[in-house]
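Each chain, written out:
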Amino acid sequence: MVILYHHAFQLALAVLVGVAEGAAAHAVIGFLMVRFLSEGTEEVKAGVTVVLFTALLGLGGLLFGQAHPHNFPDPLGHPAFRVGGVTVVWSVVFVIALAVLFTIGPILLLGRTQIGLMLRALSSRPTTAQLVGVAAPRLAMFVWLVTGAMTALAMMVIAPTMA
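The rules we used
Residues numbered from 1 in each chain as written. Predicted model: local features only at pLDDT ≥ 70, side-chain atom pairs only at ≥ 80, totals over all residues. Heavy atoms only, no water. Helix = DSSP H or I, 4+ residues; strand = E, 2+ residues; numbered from the N terminus. Buried < 20%, exposed > 50% of the residue type's maximum accessible area, 1.4 Å probe, protein only. Areas by Shrake-Rupley, 256 points an atom, 1.4 Å probe, with all protein chains shown as cover. Core = buried A, V, L, I, M, F, W, Y, C linked by side-chain atoms within 4.5 Å. Contact = heavy atoms within 4.5 Å. Axes fitted to C-alpha atoms, helices over the stretch in contact; angles between N-to-C directions. Parallel < 35°, antiparallel > 145°, perpendicular 65-115°, else oblique. Left-handed = near helix turned anticlockwise from the far one by under 90°. Nonpolar A, V, L, I, M, F, W, Y, C, P; charged D, E, K, R; others polar. Expected span 1.5 Å × (residues − 1). Pairing = 2+ DSSP bridges. Patch = residues over 30% accessible without salt bridge, like charges linked within 9 Å, V, L, I, M, F, W, Y side chains within 5 Å. Salt bridge = Lys/Arg side-chain N within 4 Å of Asp/Glu carboxyl O.

## Re the overall build of the protein chain
Inference 1: For the protein chain, the count of helices and strands is seven helices and two strands.
Inference 2: Going from the N terminus to the C terminus, the protein chain shows its helices and strands as α-α-α-β-β-α-α-α-α.
Inference 3: Here the protein chain holds 163 residues, and 19% of them are scored as buried.
Inference 4: For the protein chain, the exposed area adds up to about 11,300 Å²; of that, 72% sits on carbon and sulfur atoms.

## Considerations on unusual backbone geometry
Where the residue is not glycine, phi is negative for most of them; where a peptide bond is considered, it is trans in most cases.
Inference 1: Notably, Ala 8 is not glycine yet its phi reads approximately 70 degrees, a positive angle.
Inference 2: In this fold, Ala 8 is placed in the loop between helix 1 (2–6) and helix 2 (11–37).
Inference 3: The class for Ala 8 is exposed, based on a relative accessible area of 73%.

## Side note on the nonpolar core
Inference 1: If you look at the biggest cluster of nonpolar residues, it comprises six residues: Leu 119, Leu 122, Ala 129, Val 134, Ala 136 and Leu 139.
Inference 2: At the level of secondary structure, the elements contributing two or more residues to this core comprise helix 5 (114–124) and helix 7 (136–158).
Inference 3: Here Ala 129 is in contact with Ala 121, Leu 122 and Val 134, once residues within four sequence places are set aside.
Inference 4: In terms of nonpolar packing, the next biggest core, distinct from the first, is built from five residues, Met 1, Val 2, Ala 14 and Ala 152 among them.

## Considering the packing of helix 2 against helix 3 (residues 42–64)
The relative placement of two packed helices is expressed as an angle between their axes plus a distance between the axes.
Inference 1: Direction vectors running N to C along helix 2 and helix 3 enclose 155 degrees, while the axes themselves pass 12 Å from each other. As summarised for this structure, helix 2 and helix 3 are arranged roughly antiparallel, according to the angle between their axes. As helix 2 packs across helix 3, the resulting crossing turns out to be right-handed. Residue-level inspection shows Ile 29, Met 33 and Leu 37 of helix 2 in contact with helix 3, the latter providing Val 44, Lys 45, Val 48, Thr 49, Leu 52 and Leu 56.
Inference 2: A class-by-class count of the residues in the contact of helix 2 with helix 3 yields seven nonpolar, one polar and one charged.

## Comments concerning helix 7
Inference 1: Helix length check: helix 7 (23 residues) gives 32 Å between terminal C-alpha atoms against 33 Å at 1.5 Å per residue, within 8%.
Inference 2: If you follow the buried residues of helix 7, they end up packed against helix 2, helix 4 (90–112), helix 5 and helix 6 (126–131).

## Concerning the pairing of strand 1 (residues 79–83)
Inference 1: Where strand 1 and strand 2 (residues 86–89) come together, four bridges link them in antiparallel fashion. Paired with Arg 82 across the strands is Thr 87, a residue of strand 2.
Inference 2: Between strand 1 and strand 2, which follow one another and run antiparallel, lie two residues, and Gly 84 among them has a positive phi close to 55 degrees.

## Let's talk about a nonpolar patch on the surface
Inference 1: A contiguous nonpolar surface patch, about 550 Å² in accessible area, is contributed by Ile 3, Leu 56, Leu 59, Leu 62, Leu 63 and Phe 64.
Inference 2: Among the elements that take part in the nonpolar patch, helix 3 stands out by supplying five residues, more than any other.
Inference 3: Tracing the sequence through the fold places Leu 59 in helix 3.
Inference 4: According to the relative accessible area criterion, Leu 59 is partly exposed, its value standing at 44%.

What follows is the structure, encoded as structure tokens:
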């Protein structure tokens, strides 16, 4: 998103591409985890997660580190309203809205949808869930994809406030 924005793409388009890229990157990682580590022990999964995290941090450092600094655009940094002499900016309002959405959304998804029922079944009894027809790999890929998109969006909103 930042690179596209700095190459004169409209911010809305850059955000959409960034969210899609975050979803795609998580889907690739999810595919690798599901394909090669679904039967692995918790220790192996944790080790691979640490290695992937470190690799992604390194890649981020190469692309956006001190040698290649980029400023995140901050379209939500403008004042939204004042409360008791304190100015609240739009990014805070948006982060609170995301927090509510990321809290209530999964509760509703898990408690009131067919996908939620399958996720709960897969979580508590994976073998039984697969025996009754839950497509575990496809469902896991869906979860990785959605969490990647949500994480990318959250990072785009929070990153400008961290400077």
